[in-house]
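# Breakdown of the fold
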Amino acid sequence: GAVVSQHPSWVICKSGTSVKIECRSLDFQATTMFWYRQFPKQSLMLMATSNEGSKATYEQGVEKDKFLINHASLTLSTLTVTSAHPEDSSFYICSASSSSPPPYEQYFGPGTRLTVT
Amino acid sequence: GIQVEQSPPDLILQEGANSTLRCNFSDSVNNLQWFHQNPWGQLINLFYIPSGTKQNGRLSATTVATERYSLLYISSSQTTDSGVYFCAVGVGGSNYKLTFGKGTLLTVNP
């Protein structure tokens, strides 16, 4: 159990276009989902926390208008990178946790590798 | 915010050797997880261990919450154990945020 999927696995887009990444919890309901970013040979950095049906909470320094997050259901969250630029190229990973019962362990998707040309 | 330090940053072993990875954190935590990131980037949950000791096959972990550290033990290492091991900590309930350490890069040679 506790499987999280992401789609697509990798994407190449041109500078100035938008890209949508989906994160799904396949066998549990995820009240809370998280989006992370990882640069090569670095650790994961939290970008935002999203709760189903409410606005996402962004970490300091993350542009809300650039990284649009929607958590429309208990099994789906999406991250849209708007007007992508080469510096947005990175590995984006989502995670999900259920609200009950504890423990509130986070489960991670396989990641999406974004390359902006 | 909370600080997480992992040591050593790099570790090279021969197959069959044992190892201990350490995670120190700067404040009290409610949640602590250990992950293995494989070469394709997938984070695999190893342990959810805010306190106490757990074992799963050749892996075991111990967290001493009062002293703010956790240890991950790998016994009889195999080449497939290679990758980056992350410790991540959080405070709060179901919407807790995880703060990750910088990881330990483990290389197991045949």
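The structure contained in this document is the topic of the report that follows.

### Digging into the overall build of chain A
Scanning chain A from N- to C-terminus turns up zero helices and eleven strands. For chain A, the succession of helices and strands along the chain, N to C, is β-β-β-β-β-β-β-β-β-β-β. Against the 2.2 N^0.38 benchmark of 13 Å for 117 residues, chain A shows a C-alpha radius of gyration of 14 Å, consistent with a compact globule. Projecting the C-alpha coordinates of chain A onto the three principal axes gives extents of approximately 45 × 25 × 20 Å. The buried share of chain A, taken over its 117 residues, is 50%. A separation threshold of at least 6 residues defines the contact pool for chain A, and within that pool the share at least 24 residues apart is 55%. Counting only carbon and sulfur atoms, one obtains 53% of the accessible surface of chain A, whose full area is about 5800 Å². If the 9 positive side-chain charges of chain A are averaged to one point and the 9 negative ones to another, these points end up 7 Å apart.

### Digging into the nonpolar core
Membership of the largest hydrophobic core comes to 25 residues, with the highest contact counts inside it found for Trp35(A), Tyr58(A), Phe67(A), Ile69(A), Leu79(A), Tyr92(A) and Leu114(A). Among the elements of the structure, strand E2 (10-13), strand E3 (19-25), strand E4 (32-38), strand E5 (44-51), strand E7 (67-73), strand E8 (76-81), strand E9 (90-97) and strand E11 (112-116) of chain A are those that each provide at least two residues to this core. In this view, Leu79(A) contacts Val19(A), Lys20(A), Ile21(A), Trp35(A), Phe67(A), Leu68(A), Ile69(A) and Tyr92(A); residues no more than four positions away in its chain are not counted. Of all hydrophobic cores here, the second largest spans 21 residues; its members include Val4(B), Cys23(B), Phe47(B) and Ala61(B).

### Brief notes about the pattern of salt bridges
By the definition in use, this model includes four salt bridges over all chains. Residues Glu59(A) and Lys97(B) are paired through a salt bridge, measuring 3.1 Å at the closest nitrogen-oxygen approach. Here Glu59(A) is found in the loop between strand E6 (57-58) and E7, whereas its partner Lys97(B) is found in strand E10 (residues 97-100) on a different chain. On the basis of relative accessibility, which here comes to 39%, the residue Lys97(B) falls in the partly exposed class.

### Focus: the sheet that holds strand E7 (residues 59-64) of chain B
Residue and element names in this part refer to chain B. Within the open sheet, the five strands sit side by side as E1-E3-E8-E7-E6. Their pairing is antiparallel. Unpaired on one side and paired on the other, strand E1 (4-7) and strand E6 (52-56) mark the two borders of the sheet. In this sheet, neighbouring strand axes are inclined to one another by 15° on average, regardless of whether the strands run parallel or antiparallel. Inspection of the sheet shows strand E3 (residues 19-25) paired to strand E8 (residues 69-74) by six bridges, in the antiparallel sense. If you follow Arg22 over to E8, its bridge partner there is Leu71.

Calculation criteria
- Residues numbered from 1 in each chain as written.
- Chains lettered and ligands numbered in written order.
- Predicted model: local features only at pLDDT ≥ 70, side-chain atom pairs only at ≥ 80, totals over all residues.
- Heavy atoms only, no water.
- Helix = DSSP H or I, 4+ residues; strand = E, 2+ residues; numbered from the N terminus.
- Rg over C-alpha atoms; globule rule 2.2 N^0.38 Å.
- Buried < 20%, exposed > 50% of the residue type's maximum accessible area, 1.4 Å probe, protein only.
- Contact = heavy atoms within 4.5 Å.
- Areas by Shrake-Rupley, 256 points an atom, 1.4 Å probe, with all protein chains shown as cover.
- Lys, Arg positive; Asp, Glu negative; His and termini not counted.
- Charge placed at Lys NZ, Arg CZ, Asp CG, Glu CD.
- Core = buried A, V, L, I, M, F, W, Y, C linked by side-chain atoms within 4.5 Å.
- Salt bridge = Lys/Arg side-chain N within 4 Å of Asp/Glu carboxyl O.
- Pairing = 2+ DSSP bridges.
- Axes fitted to C-alpha atoms, helices over the stretch in contact; angles between N-to-C directions.

Coordinates in, geometry out; function isn't part of it.
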